Amino acid sequence: MNDQVFTIDLARCIGCGTCSIACKDRTRLPDDVDLLQIETTERGAYPAPSVTHRVIHCFHCAQAPCVDVCPVDALTHAADGFVALDEDACTGCGRCVDTCPFSAVTVLPDATAAKCDGCGDELAEGREPTCVRACPMRALSYAPASAPLPPGRVREVEIRGAEAAPRVCYLQRPSTSHS
Amino acid sequence: MTTEATTQDEERIPFSCCLDCGSRCELVAVKRGGKLVRIDTPAGRPDTAVLPRLVPCARGRAHRRLLSASERVLHPLRRTGPRGTGEFEEVSWDTALNLVAENLTAIQTEGSTEAVLCGTGAGAAGSPGFSGGGALRRFFSFWGPITGLGGNMSFHSVGLAENWMYGGTVDASDRATLQESRLIVLWGNNPAETHMGPNTEFFIAEARDRGAKVIVIDARYTDSGVLADEWIPIRPGTDVALAAAVAFELEHNEWVDRQFLARCTTGYDAYRDYVLGVSDGVAKTPEWAQDITDVPADTIRSLARDLGTLKPTAILPGWGPQRTLNGEQFPRAMITLACMTGSVGVHGGGAAGLGFRKGAVFPMPGMRSGPHGAGRTLHNATWAADVLSGDLQPPVKMVYAAGTNIVNRSPNTRTNIDALRQCEFVVVNEPYMTPTAREADLVLPIALNLERWEILRSWGHNAHGFMSPPVTEPAGEAKTDYWVFSQLARRLGFFEEYTQGRDEEEWVQHMAAGAGPAAEALLRDGVARLDRELHVGLADFRIDPEAHPLPTPSGRIELVNPAAEEAGVPAIASYEPQPTVPPGCLRLLTPHSRLRANSVLHANAWLQRLEPHALWISAQDAAEREINNGEEVVVRNENGTVVVPAKVTERITPGVVCLYQGTWYEPDETGVDRGGCANTLTGHGLSPSNGIATHSACVTVRRAES
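Residues numbered from 1 in each chain as written. Chains lettered and ligands numbered in written order. Predicted model: local features only at pLDDT ≥ 70, side-chain atom pairs only at ≥ 80, totals over all residues. Heavy atoms only, no water.

All names here are of chain B. Each assigned domain of chain B is listed with its residue range as follows: domain 1 (4–67), domain 2 (77–153 + 374–529), domain 3 (173–353 + 538–566) and domain 4 (586–703). Taking only C-alpha atoms into account, the centre of domain 1 sits 27 Å from that of domain 2. Opposite the 24 residues of domain 1 that make contact, domain 2 presents 28 residues. Carbon and sulfur atoms supply 66% of the area that domain 1 and domain 2 bury against each other, a total of about 2,100 Å² over both sides. (Domains from an automatic or database assignment. Contact = heavy atoms within 4.5 Å. Buried area = accessible area lost by both parts, 1.4 Å probe.)

Written as structure tokens, this is what we have:
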């Protein structure tokens, strides 16, 4: 059983976009298609504002609603733990797009869906996923859910789309709330 | 060779960016079946404190999109329509080169080679002498004395401060030493965007995880704010007053490292007398500074307590606060505080200077230059005004720009265009159709670094070398700067002198082979790491200043500088106010963006998408002007008008607006800049010692008519 999760340290992410560009370069999709997005949230008022950058992509949910709704079984739970997309089977109906709690699936102009594939090919060659390796802050990892946390971090408790059991763990400093 | 696993037909070629970005990072060009398919980073090597992976930023990772940018110039182009209209016809390389040679010969025949303005910048920085401005300067060194451009646009006043106080460029510490800091003060510094050395922001985050406190002093809550415990907003141009009040508190509470001051510095008494008010009757108390800086007195006391009691302290000043009409004083105040807190020469401390360490730029055999230097030099910030003044003898008739988008990158864009339009012949070597290229009579298409041989050294913060072959064919008919100038040299009769019998590959191999301890690794792996242990700048000096004196008259750090008075500024780092913001106006800051290196990389669709160009304006100032987030605003002053969307935010000090520099000038039919080029709004004013003052601009802002 693959118990690895995408771990994203909100206390380190500076929103630089390097992961996003690295992903774009690997996937060879059109300029305006991003499989990895950075959601930036500004909170608070001058002179005490705060900002959070949140990396979002397909988190290969254990109870993925996209798999459930796909009428042609183009989306499946693969053996490596990722949610796999069979582009040949996909008809581009877009039901997965509407059901994804992270809006992490896109339908391309050629009427096939596109989403993060987990960089299974990188993992097979002994490398970490592209976004993880790309991060100048070392804020991203793909590691067992039980891996020790960096100093002074806690796991964010409220998780978007928790019912889908996404394989993501956001870390934050205990004093701050990023919900 | 690389240790990472690769598939059978995959080639992984190490390279680095040639950007003027302040860093040199490790990139890998991945080819499959002989074709460039992606840009990657090295994998499989662990991070260590001494040899961390030099992880590139988004700009480095976006190289592949740059190669295919729609703005690429693919053929030599000759102007057919009026300047600036972008009407060109394709011509052959022979025709284009003959045209340049004819114009140069005509000017030479007239007897005044200074009629040629040699426009150089850092658009293709790094390679020693055969790309961009370096190649152009060297070309003209064989031809005749031309009109050059001078004046440091980046760190003029930091350089002066280092010369006056340390006697020259100060040896800084590896960025990795920041992990030992207990306090890091990012003073007008935003490494989350500007980096200035690979991994700088990473090491700051590591230090914080080890218990360090991180403070950001800035008019904006930048993305570096994520890494900080505290943001201290400040009125731009008043940092030196804040520093003086901090110094007052350090004195008042006996938090001054008197032993360090006595052993390693001279002149402290004069600064202390200024701070305590002995010399001018005004004590620089937190209350005094509060009125000037808008920083509450209690915040100043707290900052002083941190600086006085948390050791070691790294004060990391940015370069933004010295691009003002009073810019000389800021870096001097930072160095003075580094001395008062005893931070110089300490592991985890720092000299508060430029941050360039010894050994970063290791020697390599260079290219011999010709006998001619610049006959005269105009200032990078004001050359256009000089050209337009009519006072230059001889007047500038021809401009040759290579590796520089001078229209965009010099203050007062409109004037820069007017100056070019006054010249008879403008040639531009460019990979892209920039606003400068649009003004040219002839545009010569130039290859990007992945399309040519490249050799690069670290920018200053670590000691690495990079050497890379072309990994893909040049776009269209693009050629290298070196090829262009070699061909011109052939036409003008100094081909042998210019090339010294080598082509680019031979030059790169020659330079790599002569790179001392780096040579073997450079030639074998394409990347060489000279670091073997962490470097702490000025450690020897701190331990024994008698045995390791600085190149100042006293051998110590000098806090009183007679040379400053000669340059028109006070002898100590006193607060000198700049002109206040006129009523109804807002102070404009035009900092560097994480998406570009100056105006280079503007033509990258991937990077543009990361963050829309917008004017940062405080919620308070926006409300007063009935401006909503995302609405277009008209930003105007005596230099020009820009229309861009507003980013209404709580992350900027009221009274201040911010427009990232580097997007391309894009005038509409009425002359309004729709591209949001920051220099459309900056002027020609200089500080007393002729430093650029782009962050002293003021603008009015109103909602655009819908």
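One open sheet accounts for four strands, arranged E8-E1-E10-E9 (chain A); its pairing is mixed. Either end of the sheet is taken by a strand with one partner, and the two such strands are strand E8 (140–144) and strand E9 (154–155) of chain A. (Pairing = 2+ DSSP bridges. Helix = DSSP H or I, 4+ residues; strand = E, 2+ residues; numbered from the N terminus.)

A separate point is the pattern of salt bridges. Residues and elements named next belong to chain B. Taken as a whole, this structure holds 64 salt bridges over all chains when the rule is applied. A salt bridge links Arg 235 to Asp 294; the nearest nitrogen and oxygen atoms lie 2.9 Å apart. Of this pair, Arg 235 sits in the loop between strand E10 (230–232) and helix H8 (239–252) while Asp 294 is found in the loop between helix H11 (286–293) and helix H12 (297–309), placing the two residues 59 residues apart along the sequence. Residue classification places Arg 235 among the partly exposed residues on the basis of a relative accessible area of 36%. In this structure, the salt-bridge partner of Glu 632 is Arg 674, at a minimum N-O distance of 3.7 Å. Taken together, the residues Glu 632 in strand E23 (residues 632–637) and Arg 674 in the loop between strand E25 (656–658) and strand E26 (698–703) connect sequence positions 42 residues apart. (Salt bridge = Lys/Arg side-chain N within 4 Å of Asp/Glu carboxyl O. Buried < 20%, exposed > 50% of the residue type's maximum accessible area, 1.4 Å probe, protein only.)

A word on the side chain of Ser141(B). Residue and element names in this part refer to chain B. Following the sequence through the fold, Ser 141 ends up in helix H4 (residues 132–141). Under the relative-accessibility criterion, Ser 141 is labelled buried at 4%. Not counting residues within four places of it along the chain, the set of residues in contact with Ser 141 comprises Ser 369, Gly 370, Pro 371 and His 372.

Turning to unusual backbone geometry, a few remarks are in order. Between Tyr46(A) and Pro47(A) the backbone carries a cis peptide bond, its omega angle lying at 5 degrees. Mapping Pro47(A) onto the fold places it in the loop between strand E2 (37–43) and strand E3 (50–56). A cis amide bond links Lys311(B) with the next residue in sequence, Pro312(B), at an omega value of -5 degrees. The phi torsion at Ser103(A) lies on the positive side, around 50 degrees, for a residue other than glycine. Relative to the assigned elements, Ser103(A) resides in the loop between helix H3 (95–99) and strand E6 (106–107). Take Ser103(A): its relative accessible area is 51%, and that puts it in the exposed class. One non-glycine residue, Arg138(A), lies in the positive phi region at around 55 degrees. Within the secondary structure, Arg138(A) is located in the loop between helix H5 (130–134) and E8. We classify Arg138(A) as buried; its relative accessible area is 18%.

Before going further, it helps to examine the sheet that holds strand E12 (residues 313–317) of chain B. Residues and elements named next belong to chain B. The four strands are arranged E10-E9-E8-E12 in an open sheet whose pairing can be described as parallel. On the outer flanks of this sheet lie E10 and E12, each paired with one strand and no other. Strand-to-strand twist in this sheet, taken as the mean axis angle between neighbours without regard to direction, amounts to 15 degrees. Alignment of strand E8 (residues 183–187) against E12, held across five bridges, turns out to be parallel. (Axes fitted to C-alpha atoms, helices over the stretch in contact; angles between N-to-C directions.)

All names here are of chain B. Residues with a pLDDT of 70 or more make up 98% of chain B, whose mean pLDDT is 95. The model gives residues 1–5 a pLDDT under 50, and that stretch makes 11 contacts with residues more than four places away or in other chains. Predicted complex, confidence summary: ipTM 0.96, pTM 0.97. (pLDDT = per-residue confidence, 0-100.)

Attention now goes to the environment of Ile572(B). Residue and element names in this part refer to chain B. Summarising the element assignment, Ile 572 is placed in the loop between helix H23 (562–566) and strand E21 (586–589). Judged by its relative accessible area of 11%, Ile 572 falls in the buried class. Distance in space between the C-alpha atoms of Ile 572 and Pro 562 is 8.9 Å, their sequence separation being 10 residues. For Ile 572, the contacting residues outside a window of four places in its chain are Ala 270, Tyr 271, Tyr 274, Gln 329, Arg 332, Leu 559 and Val 560.

Attention shifts here to helix H20 (residues 504–513) of chain B. All names here are of chain B. Those residues of H20 that fall on the buried side of the exposure criterion are Glu 504, Trp 507, Val 508, Met 511 and Ala 512. The buried side chains of H20 occupy one side of the element, clustering within an arc of 130 degrees when seen end-on. Taking the backbone nitrogen of Glu 505 as reference, a side-chain oxygen 3.2 Å away marks Asp 503 as the first, capping residue of H20. (Arc of directions from axis to C-beta. Polar contact = N/O pair within 3.5 Å; in protein donor to acceptor, adjacent residues only side chain to side chain.)

Inspection of every chain in the model, using the stated rule, returns 28 aromatic pairs over all chains. With a centroid separation of 5.0 Å and 85 degrees between ring planes, the pair formed by Phe59(A) and Phe102(A) is classed as edge-to-face. Of this pair, Phe59(A) sits in the loop between E3 and helix H2 (65–69) while Phe102(A) sits in the loop between H3 and E6, and the two are 43 residues apart along the sequence. Judged by relative accessible area, which is 6%, Phe102(A) ranks as buried. Here Phe356(B) and Trp459(B) contribute two aromatic rings whose centre-to-centre distance is 5.6 Å and whose plane-to-plane angle is 70 degrees, an arrangement assigned as edge-to-face. Here Trp459(B) lies in the loop between strand E17 (454–457) and strand E18 (464–468) and Phe356(B) lies in the loop between helix H13 (329–340) and strand E13 (374–379), a separation of 103 residues in the sequence. For Phe356(B), a relative accessible area of 15% gives the class buried. These aromatic residues form a ring-pair network of at least three members: Phe130(B), Phe139(B), Phe140(B), Phe142(B), Trp143(B), Tyr400(B), Tyr482(B), Phe485(B), Phe494(B) and Tyr498(B). (Phe/Tyr/Trp six-rings, centres within 6.5 Å; stacked < 30°, edge-to-face > 60°.)

Moving on, we get to the pairing of E18(B). Residues and elements named next belong to chain B. By the criterion of burial, E18 is predominantly enclosed, with five of the five residues buried. Burial of the side chains of E18 extends over both faces: His 464, Phe 466 and Ser 468 are buried on one face and Gly 465 and Met 467 on the other. Judged from the four bridges that link them, E17 and E18 form a sheet pairing that is antiparallel. Among the inter-strand pairings, Glu 454 is bridged to a residue of E18, identified as Ser 468. The antiparallel pairing of E17 with E18 creates a hairpin that spans six residues between the two strands, and Gly 460 there sits at a positive phi of about 150 degrees. Inspection of the sheet shows E18 paired to strand E19 (residues 527–529) by three bridges, in the antiparallel sense. In the sheet register, Phe 466 faces E19, and the bridge partner there is Val 527.

The next thing to look at is the interface of chain B and chain A. Listed as interface residues are 51 residues of chain B and, on the opposing side, 43 residues of chain A. Of the roughly 3,900 Å² buried between chain B and chain A, counting both surfaces, carbon and sulfur atoms make up 48%. Of all residues in chain B, Asp209(B), Trp606(B) and Arg609(B) give up the largest surface area on contact with chain A, accounting jointly for 16% of the area buried on that side. Counting the contacts that link chain B with chain A gives 12 salt bridges. In this structure, Glu206(B) and Arg12(A) form a salt bridge, with 2.6 Å as the shortest nitrogen-oxygen distance. At the junction of chain B and chain A, the tally comes to 26 residue pairs in polar contact (both at pLDDT 80 or more). Among the secondary structure elements, those contributing two or more residues to the side of chain B that touches chain A are strand E1 (10–15), strand E3 (35–40), helix H1 (58–61), helix H2 (63–67), helix H7 (200–209), helix H24 (605–610) and strand E24 (640–649) of chain B. If one sorts the elements of the side of chain B that touches chain A by residue count, H7(B) sits on top with six residues.

Before going further, it helps to spend a moment on H8(B). Residue and element names in this part refer to chain B. With 14 residues, H8 should cover 20 Å at 1.5 Å per step; its first-to-last C-alpha distance of 20 Å lies within 8% of that length. The buried fraction of H8 is high, at 13 of 14 residues. Positioned one or two residues after H8, Glu 254 has a phi angle of 60 degrees, which is positive. (Expected span 1.5 Å × (residues − 1).)

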